[in-house]
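# Structural overview
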Amino acid sequence: MPMHQIALARLGLPPVDAADLEALAQRCEASNRWSFALVLAPPRITGTTGLVVNPIAVF
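So, a few notes on the structure that sits alongside this text. Keep in mind the model is a prediction, meaning the values are calculated, not measured. Each chain carries its own residue numbering, running from 1 in the direction its sequence is written. Per-residue local features are limited, in this predicted model, to residues with pLDDT of at least 70; the limit for side-chain atom pairs, both in listing and counting, is 80 or more; totals at the level of whole chains, interfaces and linings are taken over all residues. Values reported for side chains reflect all heavy atoms of the structure, with hydrogen atoms and water molecules removed beforehand.

## Considering the overall build of the protein chain
Strands here are runs of E lasting at least two residues and helices are runs of H or I lasting at least four, both read from the DSSP assignment and numbered beginning at the N terminus. Broken down by element type, the protein chain carries two helices and two strands. The secondary structure elements of the protein chain, listed N-terminal to C-terminal, are α-α-β-β. A radius of gyration in this sense is built from C-alpha atoms; the matching globule rule multiplies 2.2 Å by the number of residues raised to 0.38. The C-alpha radius of gyration computed for the protein chain amounts to 14 Å, which surpasses the reference 10 Å derived for 59 residues by more than 25%, pointing to a less compact arrangement than a globule. Once the C-alpha set of the protein chain is aligned to its principal axes, its extents read approximately 40 × 20 × 20 Å. Classification of the 59 residues of the protein chain by burial places 3% in the buried group. The contact definition used throughout considers only heavy atoms, calling two residues in contact when any of these lie within 4.5 Å. Pairs at least 24 residues apart make up 22% of the contacts formed inside the protein chain by residues separated by at least 6 positions. The classification of residues rests on relative accessible area computed with a 1.4 Å probe and restricted to protein chains. Under 20% of the type maximum is buried, over 50% is exposed, and intermediate values are partly exposed.

Structure below.
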């Protein structure tokens with residue numbers, strides 16, 4: 001729990017649990033590009049925890 005509080009409140013990093021990165025790895029290999037920006041688009045709902053996010057890899 002302390003790591004979540006530090007990551008979220010102080011660093012602005014939303015923790016992502018159980019991410020399926022297989023499709024991303026295949027895309028990286030196919031394009032021979034391994035650097036990308038990972039953007040998370042959470043819904044704008046206040047006062048909740050554990051929301052589903054929409055991760056987007058921008059090459």
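After that view, the rundown keeps rolling.
## Concerning unusual backbone geometry
Its identity is not glycine, yet asparagine 32 carries a phi of approximately 55 degrees, on the positive side. Secondary-structure assignment places asparagine 32 in the loop between helix 2 (22-31) and strand 1 (37-41).

## Regarding the packing of aromatic side chains
Centre distance within 6.5 Å is the pairing criterion for rings of Phe, Tyr and Trp, where only the six-membered ring of Trp is used; planes under 30 degrees apart are then read as stacked, over 60 as edge-to-face, and the remainder as tilted. Taken as a whole, this structure holds one aromatic pair when the rule is applied. On the basis of an interplanar angle of 50 degrees and a centroid distance of 5.7 Å, the ring pair of phenylalanine 36 and phenylalanine 59 is categorised as tilted. One end of the pair, phenylalanine 36, is in the loop between helix 2 and strand 1; the other, phenylalanine 59, is in the segment after strand 2 (54-58), with 23 residues separating them in the sequence. Given the relative accessible area of 35%, phenylalanine 36 is considered partly exposed.

## Things to note about a nonpolar patch on the surface
A grouping of Met3, Ile6, Leu11 and Leu13 is seen on the molecular surface, where their side chains present a nonpolar patch of about 410 Å² in accessible area. Relative to the helices and strands, leucine 13 resides in the loop between helix 1 (2-10) and helix 2. Among the residues examined, leucine 13 registers a relative accessible area of 48% and is labelled partly exposed. The patches described consist of residues with a relative accessible area above 30% and no salt bridge, like charges being joined within 9 Å and nonpolar side chains (Val, Leu, Ile, Met, Phe, Trp, Tyr) within 5 Å. What sets the accessible areas is the Shrake-Rupley method with a 1.4 Å probe; for residues, cover comes only from the shown protein chains. Here, a salt bridge means any side-chain nitrogen of Lys or Arg that lies within 4 Å of a carboxyl oxygen of Asp or Glu.

## Describing the environment of valine 52
Its place among the elements puts valine 52 in the loop between strand 1 and strand 2. Valine 52 sits 36 residues away from valine 16 along the chain, and the two C-alpha atoms are 9.2 Å apart.

## Some points on the environment of leucine 24
In this structure, leucine 24 sits in helix 2. Judged by relative accessible area, which is 21%, leucine 24 ranks as partly exposed. Remark: the alpha-carbon pair of leucine 24 and methionine 3, spanning 21 residues in sequence, is separated by 26 Å. In contact with leucine 24, other than residues within four places in its own chain, are Phe36, Ala57 and Phe59.

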